[in-house]
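Descriptive structure summary
The chain contents come next:
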Amino acid sequence: MKKILIVDDEPNIVISLEFLMAQNGYHVQKARSGEEALEIVDEYVPDLILLDVMLPFRSGFEVCQSIREKTKLAHVKIILLTAKGREADIERGLSAGADSYIVKPFSTQKLVDKVAEILKS
């Protein structure tokens, strides 16, 4: 079973994403901040991370970059989820090492399809 780490500070989004991913057969772990995500990721070692960009204290861009600096986690796929949809934001996210960038609001089917596509690559 593929493992997904959901990182978002909005409880309702975490609950929705957790339900959606579990319903599609993934094992899910959650983090409410970038710091918590960085603590969890070394032990949990997910296959994919759904990472919000606008997190308290440490942005999703920074968390993404920190994860990419860890050789042990080089295989982990990262999808940034955010309301920041400007071209400069997307470029920043991809430059930080994200595999994909999805702008909120998004359809749940689009997210499920993107997760499946990225995990196959």
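Residues numbered from 1 in each chain as written. Predicted model: local features only at pLDDT ≥ 70, side-chain atom pairs only at ≥ 80, totals over all residues. Heavy atoms only, no water.

Let's shift gears to the sheet that holds strand S3 (residues 48-52). The sheet built from five strands is open, its strands ordered S2-S1-S3-S4-S5 with parallel pairing. Two strands close off the open sheet at either side, each with one partner strand: strand S2 (27-31) and strand S5 (100-103). Strand after strand, the sheet turns through a mean of 20 degrees between neighbouring axes, direction not considered. Pairing between strand S4 (residues 77-82) and S5: four bridges, direction parallel. Pairing of Thr-82 across the sheet is with Val-103, part of S5. (Pairing = 2+ DSSP bridges. Helix = DSSP H or I, 4+ residues; strand = E, 2+ residues; numbered from the N terminus. Axes fitted to C-alpha atoms, helices over the stretch in contact; angles between N-to-C directions.)

To continue, consider the pattern of salt bridges. Enumeration over the complete set of coordinates arrives at eight salt bridges. One salt bridge in this structure joins Glu-18 and Lys-30, with 3.5 Å as the shortest N-O distance. One end of the pair, Glu-18, is in helix H1 (residues 11-23); the other, Lys-30, is in strand S2, and twelve residues separate them in sequence. The partly exposed category is assigned to Lys-30, whose relative accessible area is 31%. We note a salt bridge from Arg-58 to Glu-35, for which the minimum N-O separation is 3.2 Å. A residue pair is termed long-range when its members are at least 10 positions apart, and Arg-58 in the loop between S3 and helix H3 (60-68) and Glu-35 in helix H2 (residues 34-44) qualify at 23 residues. We classify Arg-58 as partly exposed; its relative accessible area is 23%. Within the structure, one salt-bridge network assembled from shared partners comprises Asp-8, Asp-52 and Lys-104. (Salt bridge = Lys/Arg side-chain N within 4 Å of Asp/Glu carboxyl O. Buried < 20%, exposed > 50% of the residue type's maximum accessible area, 1.4 Å probe, protein only.)

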